[in-house]
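Inside the fold
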Amino acid sequence: MSTHSWYSQPFRADGGITADGLLGQLGRPDLSRLTILVREAAQNSWDARIPHHPVIGFNLALGTVGAGNIAEWRKIFGEGVPEEGDPEGRFKNLGKASSIRFLAISDRGTKGLGGPTRSDAEKSTRREWLRFVLNSGDRDGSHSRNPSGGTFGYGKGAFFLASRAGCTFIYTRFRDEFGALDSRFIGAAIRSAYWHAGSRYTGRHWWGRPEAEHCEPLTGREADDMVRRLGLPQFQGDETGTTVVIVDPDLADPGLPDAQAREELNINDAGVYLAEAAAWNLWPIMLEDRESRLAVSVTANGVPVTVPDPTSEPALAFFADAYRKMMSEQGETLSCLKPKKELGAFSYEYTFAASVVSAAARELGIEGAPHHICLIRGPELVTRYHAGPERPNPHVGYAGVFKVSEELDNVFARSEPPTHDNWSHQQLEGREATFVRTLARRLKERCEVISGATATKAYKVGDFAVGSVARRLGHLLAGPGGTGTAVIEAAHRPGVSPAPSAGNHIGPSPHDDLLPAPPIHEKERDGSAGSVNLSALAGNTPAGTATRRPRLLSAPRFEMVEEVPVLVQPVRLQGAGRYEGHAEVLTGEGGTESSSPVGTEAPSIMGWRNSDGVLVRGEVLYHSDGPAEFELLVNAVPDAVLEISVRT
């Protein structure tokens, strides 16, 4: 009979925590299980990094057990496993499965899980094994010179929640007190509490070498041989670190509502999601110019999956620029005035044509042009993204970074839930609560200024670039992700249509052969030159008439009207009212120029054209009828990016 088997933890006279209670310590996070898993696993690896080690390897490998290894897996789940506490028969099914999926999460350049293998052992300077494998909420011995992300010691629950069988394998390599390399391997499972033979069990199980009151891991060469037989990632040379294998991972599509969450991603799509989740949650510690960084890699059935980073993802590049500015002390300090205290460092960058389409970023609240501040503290993993008001231009946003001051890092750590994805002043008292609450106000204030939310509001129609010279030189402007002066594709959301493709014809208007427009009598209205009363088309609009927003119908196009190049923007008017078109040059900071450079022309409105091709000159259109479609004609300005808006 094999000496390897399962050990089931009984309740002792002084009580204990049930498996369900352990899993419940993470609460009910808003993020998906896959995202929580990436965050918690990376935090554990980053906290366990060897000081001054330049690169910490962090790999997520999705795969299926090979034919040469499946028998060993079946043996683990087919021998000595109590059926109680497993109402769905997950373990029993794994013991007979023809194929088994797994997700192996490995770190290298970390300390590994050393220390005693019994919770009642003598005091030791190393307790990694106890904290991760055996105990719950144990932070004793976890502090080091490296700022720690974990504050509760509950994050390991994310590994069990990510397994449909509630089971993991843990393989670690470390240096013992004499400096020698040692290995350990153990299986750990969490199921429901149950009764068996008149005794009550917690639902926690370990696979290894069972003893009277606990389970010892396989060690040394025996541990290495077991990992080899299972076909799992091994250590090379004198590497140290840990591999946690999630058995039968739950790959429910995070993009679907809970009611449809049983629809799963295939391994390739799940690999892409994990790569994107790693990028958007870990990018501050992935930057290549750091003294010590996390090198993330993802594979799906052995095939590498590209992990986005600031060199390939435009939006992340802007966040990275803001981070570097903040770390070089070129940013600003956000402070609490009463009591007086510096809260932390802040910086931001305007983004240009950096539209975010990642499903993992969408889960964090980022889609389209960013308008967010990335919040971090000591460990520099992303806590969350604070959303501010959007910029008026749908293709211009802002990416900011705020890092808590070192003095207040522990305060903000205590304000976090077990999943470390928010800062809540309700969890604190007194001055500490004031600091967290004040930061929320400071971020709101800064975002309102950066976004221009306090400026005069206009109904957005569209924006686009013009000028063949700027098209060729656009790569010199606006930083990563810029599209020069090419027509920018509009975001796919209600009221916005895609821009025309490069193959669309740009030429004479179909209305070029129209008869001349009827005479228009110009007159001053509200002191605004260029306003006209279009009685032939609309008549006067009564004062105070409510007007709903105009709506963009498609991207603008170029035409020649009266031998003049113009941009034609289709607009749907929702009812009677006064409509005023505006066109301004967009600056590199995302704002608009108040005056034109010397020797250049300012953009201007040629007029409005109705569906019959009748052109009405001037900026203002008085419309007294019901909903109608018009075209706003804007005189093109070379070598500039324009912003068009319509005010009512």
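Just above, that's the structure.
Reading the values: rules and limits
Residues numbered from 1 in each chain as written. Predicted model: local features only at pLDDT ≥ 70, side-chain atom pairs only at ≥ 80, totals over all residues. Heavy atoms only, no water. Helix = DSSP H or I, 4+ residues; strand = E, 2+ residues; numbered from the N terminus. Expected span 1.5 Å × (residues − 1). Buried < 20%, exposed > 50% of the residue type's maximum accessible area, 1.4 Å probe, protein only. Contact = heavy atoms within 4.5 Å. Salt bridge = Lys/Arg side-chain N within 4 Å of Asp/Glu carboxyl O. Phe/Tyr/Trp six-rings, centres within 6.5 Å; stacked < 30°, edge-to-face > 60°. Lys NZ or Arg CZ within 6 Å of the ring centre and 35° of its normal. Pairing = 2+ DSSP bridges. Axes fitted to C-alpha atoms, helices over the stretch in contact; angles between N-to-C directions. Parallel < 35°, antiparallel > 145°, perpendicular 65-115°, else oblique. Left-handed = near helix turned anticlockwise from the far one by under 90°. Nonpolar A, V, L, I, M, F, W, Y, C, P; charged D, E, K, R; others polar. 1 Å grid on protein atoms, 1.4 Å probe; cavity = no way out; pocket = protein on both sides within 12 Å on 5 of 7 lines; lining within 4 Å. Points joined across faces, edges and corners; volume = space filled by probe spheres on them.

Here's the deal with helix 9 (residues 314-327)
Over its 14 residues, helix 9 runs 20 Å from end to end, which matches the ideal 20 Å to within 8%, given 1.5 Å per residue. Looking at helix 9, one finds that the buried residues are Ala315, Leu316, Ala317, Phe318, Phe319, Ala320, Ala322, Tyr323 and Met326. Downstream of helix 9 by a residue or two, glutamate 329 has a phi angle that is positive, lying close to 65°.

Some points on unusual backbone geometry
Residues lysine 338 and proline 339 are joined by a peptide bond in cis, for which omega reads 0°. Its identity as a non-glycine residue notwithstanding, asparagine 301 has a phi of 55°, on the positive side. Inspection of the secondary structure assignment puts asparagine 301 in the loop between strand 11 (293-300) and strand 12 (303-305). A positive phi angle is found at glutamate 329, which is not glycine, with a value near 65°. A residue is classified by how much of its surface remains accessible, and glutamate 329, at 71% relative accessible area, is exposed.

Thoughts on the side chain of threonine 434
Secondary-structure assignment places threonine 434 in helix 12 (residues 430-451). Under the relative-accessibility criterion, threonine 434 is labelled buried at 18%. If we ignore the near neighbours within four places in the chain, the residues touching threonine 434 are Cys336, Lys338 and Pro339.

Details of the environment of phenylalanine 412
Tracing the backbone shows phenylalanine 412 in helix 11 (residues 409-414). A sequence separation of 21 residues divides phenylalanine 412 from alanine 433, and the C-alpha atoms of the two residues are 9.2 Å apart. Discounting chain neighbours no more than four positions away, the residues touching phenylalanine 412 are Arg377, Val404, Trp423, Phe435, Val436 and Leu439.

Details of the pattern of salt bridges
Tallied over the full model, the rule gives 30 salt bridges. For lysine 341, the salt bridge is made with glutamate 407, and the minimal N-O distance between the two is 2.7 Å. Placement of lysine 341 in strand 14 (residues 340-352) and of glutamate 407 in the loop between strand 17 (396-404) and helix 11 is noted, with a sequence separation of 66 residues between them. A relative accessible area of 60% places glutamate 407 in the exposed class. A salt bridge links glutamate 562 to arginine 617; the nearest nitrogen and oxygen atoms lie 2.5 Å apart. Residue glutamate 562 is located in the loop between strand 20 (557-561) and strand 21 (564-573), and its partner arginine 617 is located in strand 24 (residues 615-617); the two are separated by 55 residues in the primary sequence. In this structure arginine 617 comes out as partly exposed when scored by relative accessible area, which is 40%. Within the structure, one salt-bridge network assembled from shared partners comprises Arg101, Arg164, Asp248 and Glu264.

Description of the packing of aromatic side chains
What characterises a pair of aromatic rings is the spacing of the ring centres plus the angle enclosed by the ring planes. Summed over the entire model, instances satisfying the criterion amount to 21 aromatic pairs. Connected via pairs of aromatic rings, a cluster forms that spans Trp6, Trp73, Phe77, Phe91, Phe102, Phe169, Phe185 and Trp207. One Lys or Arg, arginine 184, reaches over the ring of tryptophan 129 and ends 5.2 Å from the middle of that ring. The lysine or arginine in question, arginine 191, covers the ring of phenylalanine 91, its NZ or CZ lying 4.6 Å from the ring centre.

Focus on the pairing of strand 23 (residues 604-609)
Each regular strand carries side chains that alternate between the two faces of the sheet. Judged by how many residues are buried, strand 23 sits mostly within the fold: 5 of 6 residues are covered. By the bridge criterion, 5 bridges tie strand 23 to strand 26 (residues 628-635) in an arrangement that is antiparallel. In the sheet register, tryptophan 608 faces strand 26, and the bridge partner there is leucine 632. Two successive antiparallel strands, strand 23 and strand 24, enclose a turn made up of 5 residues, where glycine 613 displays a positive phi of approximately 85°.

Description of the packing of helix 2 (residues 33-47) against helix 8 (residues 267-282)
Here helix 2 crosses helix 8 at 55°, and the two axes come no closer than 9 Å. Relative to helix 8, the element helix 2 lies oblique. The hand of the helix 2/helix 8 crossing is right-handed. Two secondary-structure elements touch here, helix 2 through Leu34, Thr35, Val38, Arg39 and Ala42 and helix 8 through Tyr273, Leu274, Ala277, Ala278, Asn281 and Leu282. Of the residues assigned to the contact of helix 2 with helix 8, the class counts are 8 nonpolar, 2 polar and 1 charged.

Brief notes about empty space enclosed by the protein
Counted according to the given criterion, the structure contains 2 cavities of 30 Å³ or more. Each pocket or cavity is described by its volume, and for the largest cavity that value is around 140 Å³. Taken together, 14 residues form the lining of the largest cavity, with Arg39, Gln43, Leu381, Val382 and His420 sitting closest to its centre. The set of elements that each furnish at least two residues to the lining of the largest cavity consists of helix 2 and strand 16 (382-387). With 3 residues, the single largest contributor to the lining of the largest cavity is helix 2. In terms of residue class, the lining of the largest cavity is made up of 3 nonpolar, 6 polar and 5 charged. Empty space within the second largest cavity amounts to approximately 90 Å³. Residue lining of the second largest cavity: 14 residues in total, with Phe132, Val133, Phe160, Ile170 and Ala188 positioned closest to the centre. Those elements that provide at least two residues to the lining of the second largest cavity are helix 5 (128-134), helix 6 (157-161), strand 4 (167-175), strand 5 (181-190) and strand 7 (199-210). Split into classes, the residues belonging to the lining of the second largest cavity amount to 10 nonpolar, 2 polar and 2 charged.

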